[in-house]
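Notes for the structure review
What follows is the residue order along each chain.
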Amino acid sequence: MALFAKKPGGPSPVRRLVGESVSRRLDANPAVKRAKVDEAQIFYHPDFLDAATCDRLVALIDANRRRSTVLAEESVQDFRTSDSCDMDRWSPDVRPTDEAIADLLGIDPVHGETMQGQRYAVGQHFRAHFDYFNEAQAYWPKMVETGGQRTWTAMIYLNDVEEGGATWFPTIGIRVAPKKGLLLTWNNMKPDGDRNTATLHEGMPVVQGTKYIVTKWFREGNWIKA
Ligand SMILES: O=C(O)CCC(=O)C(=O)O
Ligand SMILES: [Fe+2]
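The following paragraphs examine the structure supplied in this document. Just so it is clear, the model here is predicted, and its values are computed rather than measured. (Residues numbered from 1 in each chain as written. Chains lettered and ligands numbered in written order. Predicted model: local features only at pLDDT ≥ 70, side-chain atom pairs only at ≥ 80, totals over all residues. Heavy atoms only, no water.)

Okay, the sheet that holds strand β6 (residues 126-129) next. Taken in spatial order, the 4 strands line up as β6-β12-β9-β10 in an open sheet, and their pairing is antiparallel. This sheet does not close on itself; its edge strands, each paired only once, are β6 and β10 (174-176). Going from strand to strand, the sheet's axes swing by 10° on average, the running direction of each strand aside. Where β6 meets strand β12 (residues 201-203), 2 bridges bridge the pair, whose relative direction is antiparallel. Paired with Phe126 across the strands is Gly203, a residue of β12. (Pairing = 2+ DSSP bridges. Helix = DSSP H or I, 4+ residues; strand = E, 2+ residues; numbered from the N terminus. Axes fitted to C-alpha atoms, helices over the stretch in contact; angles between N-to-C directions.)

Taken together, 13 residues are adjacent to ligand 1, and Gln118, Tyr120, Thr167, His201 and Lys211 come closest. One of the side-chain nitrogen or oxygen atoms of Tyr120 is found 2.6 Å away from an oxygen atom of ligand 1. Contact distances for ligand 1 include 3.1 Å between an oxygen atom and a side-chain N or O atom of His129. Here ligand 1 has 300 Å² of accessible area as a free molecule, and 100% of this is covered by the chains. Mapping ligand 1 onto the cavity grids shows that it belongs to the largest cavity. (Near = heavy atom within 4 Å. Polar contact = N/O pair within 3.5 Å; in protein donor to acceptor, adjacent residues only side chain to side chain. Areas by Shrake-Rupley, 256 points an atom, 1.4 Å probe, with all protein chains shown as cover. 1 Å grid on protein atoms, 1.4 Å probe; cavity = no way out; pocket = protein on both sides within 12 Å on 5 of 7 lines; lining within 4 Å. Sits in = over half its atoms within 2 Å of the grid points.)

Below, the discussion takes up the sheet that holds strand β14 (residues 211-219). Read from one edge to the other, the open sheet built from 8 strands follows the order β1-β2-β11-β7-β14-β5-β4-β3, with strand pairing classed as antiparallel. Of all strands in the sheet, those bounded by a partner on one side alone are β1 (33-34) and β3 (66-67). Judged from the 4 bridges that link them, strand β2 (residues 42-45) and strand β11 (residues 183-187) form a sheet pairing that is antiparallel. Paired with Ile42 across the bridge in β11 is Trp186. Against the sheet, helix α1 (residues 13-27) contacts β1, β2, β7 (150-157) and β11, and its axis sits at roughly 35° relative to β7. (Contact = heavy atoms within 4.5 Å.)

This part takes up the nonpolar core. In terms of nonpolar packing, the biggest core is built from 28 residues, with Leu26, Met87, Ile101, Leu105, Trp152, Ile156 and Leu158 touching the most fellow members. At the level of elements, α1, α2 (51-64), β4 (83-87), α3 (95-105), β7 and β14 are the ones that each hand at least two residues to this core. Ignoring anything within four residues of it in the chain, the contact list for Leu105 reads Val22, Arg25, Leu26, Trp152, Thr185 and Phe218. Counting 19 residues, the second largest nonpolar core, distinct from the first, contains Val37, Phe126, Leu184 and Ile213. (Core = buried A, V, L, I, M, F, W, Y, C linked by side-chain atoms within 4.5 Å. Buried < 20%, exposed > 50% of the residue type's maximum accessible area, 1.4 Å probe, protein only.)

Looking at the iron ion (ligand 2), the protein donor atoms are His129 (NE2), Asp131 (OD) and His201 (NE2), and they sit 2.1 Å from it. Written as a sequence motif, the donor arrangement for the iron ion (ligand 2) is H-x1-D-x69-H. Here His201 lies in strand β12 and His129 lies in strand β6, a separation of 72 residues in the sequence. The same class applies to His129 as to His201, namely buried. (Donors = N, O, S within 2.8 Å, 3.2 Å for Na, K, Ca; no water.)

Here's what the structure looks like:
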C-alpha cells in the first residue's frame, strides 16, 4: 500500500453536495414527508406509484426472480433469503418508474444502478446491513469502476403485506410497514458526505403474505457509461 494512501471513507464534497441537493428537492415537494429523526435523512412518499403499475412490476418480478445474492466475500448463509431480479431499465414496463424515481430525487438517471425487484415469502428476510460499500473490501475497486459509492437508496413497496416485512432501522428506532405504492428513500451518507452508520437497516421477516419491493441504489458517479 502506498505510504500516503488515503484512509477509506471520511467526508467527501461530492457526496455532501448530492445529500444537500436531494434533501432540498424532497423537502420542497409537498407530496413527500421527512421522517422526524436526526440521525439520517429519511423521506417517504405515501402514494408514489399507482396500483396498476405496482401490479405490473409484481408480475415482472414473479416471471424473472431467482435467489438473492450479497456482495461480501464471506458467504453469509441466511443473510438475504429473498428472491430478486434485475428490472431492465429500457423495458416499457420499467422505464417510467425508473425515471420517475430519479426525477423525484433530482438525480440524473445515469447514476442509478439497475433497479432490483425483490420478493419475500413467509419467513424470508434481509438481515441488518448498510447499502453503502465498505471501501476496505476487495470488491471496492470494481465498485469504483461502476460509479463509486452508493449515495441514496429508494425503494417502493409494491403490495400490502398481511403481517411482517417492515423495513427496520434499529439504530434510529423506526420501522416502515409495507404499503402498496409507498416510496421510502434515504441518504446513506451523513451531511458531510461520510458514510452514515445510522442507516443500518433490515428487511424484517414476512409473517403472513408475500412482500414485493423494488429497490434503486444511486452511485456518486456514473453507473451508465456514455
Ligand atoms: O426489504 C426491505 O425492506 C429492505 C430492502 C433493502 O434493504 C435493500 O434492498 O437494500
Ligand atoms: Fe438495503
